[in-house]
Amino acid sequence: AVDAKVAVLGAAGGIGQPLSLLCKLSPEVTELSCYDIVGTPGVAADLSHIPTKSSITGSLPSPVSWPPRGNGGLAETLTGADVVVIPAGVPRKPGMTRDDLFNTNAGIVKTLVEGCAEYCPDAMIAIISNPVNSTVPIAAEVLKKAGKYNPNKVFGVTTLDVCRANTFVANHMGVDPKDVDVTVVGGHAGITILPLFSRVNGAKFTDEELEKITVRTQFGGDEVVAAKAGAGSATLSMAYAGYIFTENLLKAIRGEDIVQCAFVESNLTDAPYFASPVKFGKDGVKEILPLGELSAYEKKWFDKMMPELKNQIKKGVDFVNN
Ligand code: APR
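Everything numeric in this text was worked out from a predicted model, so none of it was measured.

### Let's talk about the pairing of strand 11 (residues 273–281)
- Along strand 11, eight of the nine residues are buried, which leaves the element largely enclosed by surrounding structure.
- Pairing between strand 10 (residues 258–265) and strand 11: eight bridges, direction antiparallel. Counted as the bridge partner of C261 is P277 from strand 11.
- Inspection of the sheet shows strand 11 paired to strand 12 (residues 284–288) by four bridges, in the antiparallel sense. Its bridge partner lying in strand 12, F280 is registered against V285.
- Between strand 11 and strand 12, which pair antiparallel one after the other, the connecting turn spans two residues.

### Re the site of the ligand
- By nearness alone, 22 residues border the ligand, and G14, I15, D36, N105 and N130 come closest of all.
- Within the backbone of G14, one N or O atom sits 2.7 Å away from an oxygen atom of the ligand.
- Between an oxygen atom of the ligand and a main-chain N or O atom of I15, the distance comes to 2.8 Å.
- Calculation on the ligand without its partners gives an accessible area of 730 Å², and the protein chains cover 84% of this total.
- For the ligand, the cavity whose grid points lie within 2 Å of the majority of its atoms is the largest pocket.
- The element that contributes the greatest number of residues to the shell around the ligand is helix 4 (residues 102–119), accounting for three residues.

### So, the environment of I138
- By the secondary structure assignment, I138 is in helix 5 (residues 132–145).
- Here I138 falls in the buried class, since its relative accessible area comes to 0%.
- The spatial distance from the C-alpha of I138 to the C-alpha of T158 is 17 Å, given a sequence separation of 20 residues.
- With residues near it in sequence (within four places) discarded, I138 still touches F102, A106, V109, K110, G316, F319 and V320.

### Some details on the packing of aromatic side chains
- Counting across every chain of the model gives eight aromatic pairs.
- A cation over a ring is seen here: K300 above W301, with NZ or CZ 5.6 Å from the ring centre.

### Describing the pattern of salt bridges
- Scanning all chains against the criterion turns up 16 salt bridges.
- Residue K144 pairs with E141 through a salt bridge whose shortest N-O separation is 2.9 Å. Within this pair, K144 and its partner E141 are both found in helix 5, separated by three residues, close to a single helical turn.
- According to the relative accessible area criterion, K144 is partly exposed, its value standing at 39%.
- Relative accessible area serves as the criterion here: at 10%, E141 is assigned to the buried category.
- For the salt bridge of D283 with K282, the shortest nitrogen-to-oxygen distance reads 3.2 Å.
- Classification of D283 as partly exposed rests on a relative accessible area of 46%.
- When salt bridges with common partners are traced through the structure, they connect D176, K178 and D179 into a single cluster.

### Side note on helix 5
- If you check helix 5, its first and last C-alpha atoms are 20 Å apart, about what 14 residues at 1.5 Å a residue would give, namely 20 Å.
- With respect to burial, helix 5 is a largely interior element, twelve of its 14 residues being buried.
- Residues of helix 5 that are buried in the fold lie against helix 4, strand 6 (124–127), strand 7 (154–156), strand 10, strand 11 and helix 10 (296–321).
- Within two residues after helix 5, G147 carries a phi angle of roughly 70°, on the positive side.

### A short note on helix 9 (residues 236–253)
- With 18 residues, helix 9 ought to run about 26 Å at 1.5 Å a step, and its terminal C-alpha atoms sit 26 Å apart, in line with that.
- Taken together, the buried positions of helix 9 are occupied by M238, A239, A241, G242, Y243, F245, T246, E247, N248, L249, L250 and A252.
- Positive backbone phi, approximately 110°, marks G255, located one or two places after helix 9.

### Brief notes about the packing of helix 1 (residues 16–25) against helix 9
- The geometry of helix 1 relative to helix 9 is characterised by a closest axis approach of 8 Å and an angle of 40° between their N-to-C directions. Considered as vectors, helix 1 and helix 9 are oriented oblique to each other. Viewed along their axes, helix 1 and helix 9 form a crossing whose handedness is right-handed. On helix 9, the residues touching P18, L19, L22 and C23 of helix 1 are L236, A239, Y240, G242 and Y243.
- Of the residues belonging to the contact of helix 1 with helix 9, the class tally is eight nonpolar, one polar and no charged.

### Things to note about the layout of surface pockets
- Counted as a void, the largest pocket has a volume near 620 Å³.
- What lines the largest pocket is a set of 36 residues, and nearest its centre among them are P87, A88, G89, V90 and P91.
- Residue assignment for the lining of the largest pocket shows that the elements contributing at least two residues are helix 4, helix 6 (159–173) and helix 8 (220–228).
- Sort the elements by how many residues they give to the lining of the largest pocket and helix 4 lands first, with three residues.
- A per-class count over the lining of the largest pocket returns 18 nonpolar, 13 polar and five charged.
- Its boundaries defined by the atoms lining it, the second largest pocket holds a volume of some 450 Å³.
- Considering the residues around the second largest pocket, the lining is formed by 19 residues, among which T159, V162, N166, D181 and I244 are closest to the centre.

Quick notes on the rules
Residues numbered from 1 in each chain as written. Predicted model: local features only at pLDDT ≥ 70, side-chain atom pairs only at ≥ 80, totals over all residues. Heavy atoms only, no water. Buried < 20%, exposed > 50% of the residue type's maximum accessible area, 1.4 Å probe, protein only. Helix = DSSP H or I, 4+ residues; strand = E, 2+ residues; numbered from the N terminus. Pairing = 2+ DSSP bridges. Near = heavy atom within 4 Å. Polar contact = N/O pair within 3.5 Å; in protein donor to acceptor, adjacent residues only side chain to side chain. Areas by Shrake-Rupley, 256 points an atom, 1.4 Å probe, with all protein chains shown as cover. 1 Å grid on protein atoms, 1.4 Å probe; cavity = no way out; pocket = protein on both sides within 12 Å on 5 of 7 lines; lining within 4 Å. Sits in = over half its atoms within 2 Å of the grid points. Contact = heavy atoms within 4.5 Å. Phe/Tyr/Trp six-rings, centres within 6.5 Å; stacked < 30°, edge-to-face > 60°. Lys NZ or Arg CZ within 6 Å of the ring centre and 35° of its normal. Salt bridge = Lys/Arg side-chain N within 4 Å of Asp/Glu carboxyl O. Expected span 1.5 Å × (residues − 1). Axes fitted to C-alpha atoms, helices over the stretch in contact; angles between N-to-C directions. Parallel < 35°, antiparallel > 145°, perpendicular 65-115°, else oblique. Left-handed = near helix turned anticlockwise from the far one by under 90°. Nonpolar A, V, L, I, M, F, W, Y, C, P; charged D, E, K, R; others polar. Points joined across faces, edges and corners; volume = space filled by probe spheres on them.

Shown next as structure tokens:
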């Protein structure tokens, strides 16, 4: 087996902790390094008692780490990492859109990706911190400035949109969710999320049902934000989605051909980044699969989405360059 080191940045958070737990349980992970500005020595000490083969460390910016070693910090967390997963940042409160998080999270992602450029320039970087439509372009621009950008290795995690679409359509059809795999394209916020339900074999909807399930997929995150009543946004389902995405990347690194949707640099549309069906290999994106025909209903959403998606991408690009 190949050694695979996964670094989780923001590992003490609502997403970061369950994500770290799932990575500790994953047979694909041999080394897990947890980083946050608070709490990671505790998270790592706690997870270290789980009897799986992966080793685990927890670091604060500097010099504290568990177990005590070197200087702790971002450098030790990232050195040798194959995959870096980033859920660091602040979550949404009721009434907020993902875009409202921009001012805080943009700077956090910039700093952390600067660390990646320095300490693990060959790693794959999977970004969860919202707004993903802007934070992925931020990561790309930071890496470009450092001369380290590889478009095949920087992704926004949109897997939760796929999870939600699969769950909702399986409930509608009365089938096991593991038997459906909805392609979800576009971006990762509100109307930029476009689930392609017309491609689900055997799914039948009235116009009204299709509208309902599409909008529920786009705004599923709001259901969680409302139910948590001020305590934040999706953490457990997002951790699950981030773990599935990460584990798939590790399988791809090991030589399996993996197809999954991700928000990547893409020429499927005239937006520079687009959540696309992607074939992954050991060096990241191997091929972006064609978008294919959209139904008339999907085309309507596509046209509505594009200006908003392009704006959010531009906001990220401008943050780094202006
Ligand atoms: N470096 C490392 N970690 C950081 C930094 C930083 N500069 N800034 C904040 N963090 C950590 C926090 O200390 C916290 O532990 O990120 C973690 C975020 O956890 P929560 O506040 O619980 O937020 P969470 O619900 O996990 O969401 C995080 O993911 O889906 C997105 O929209 C969500 O952008 C939000 C992010």
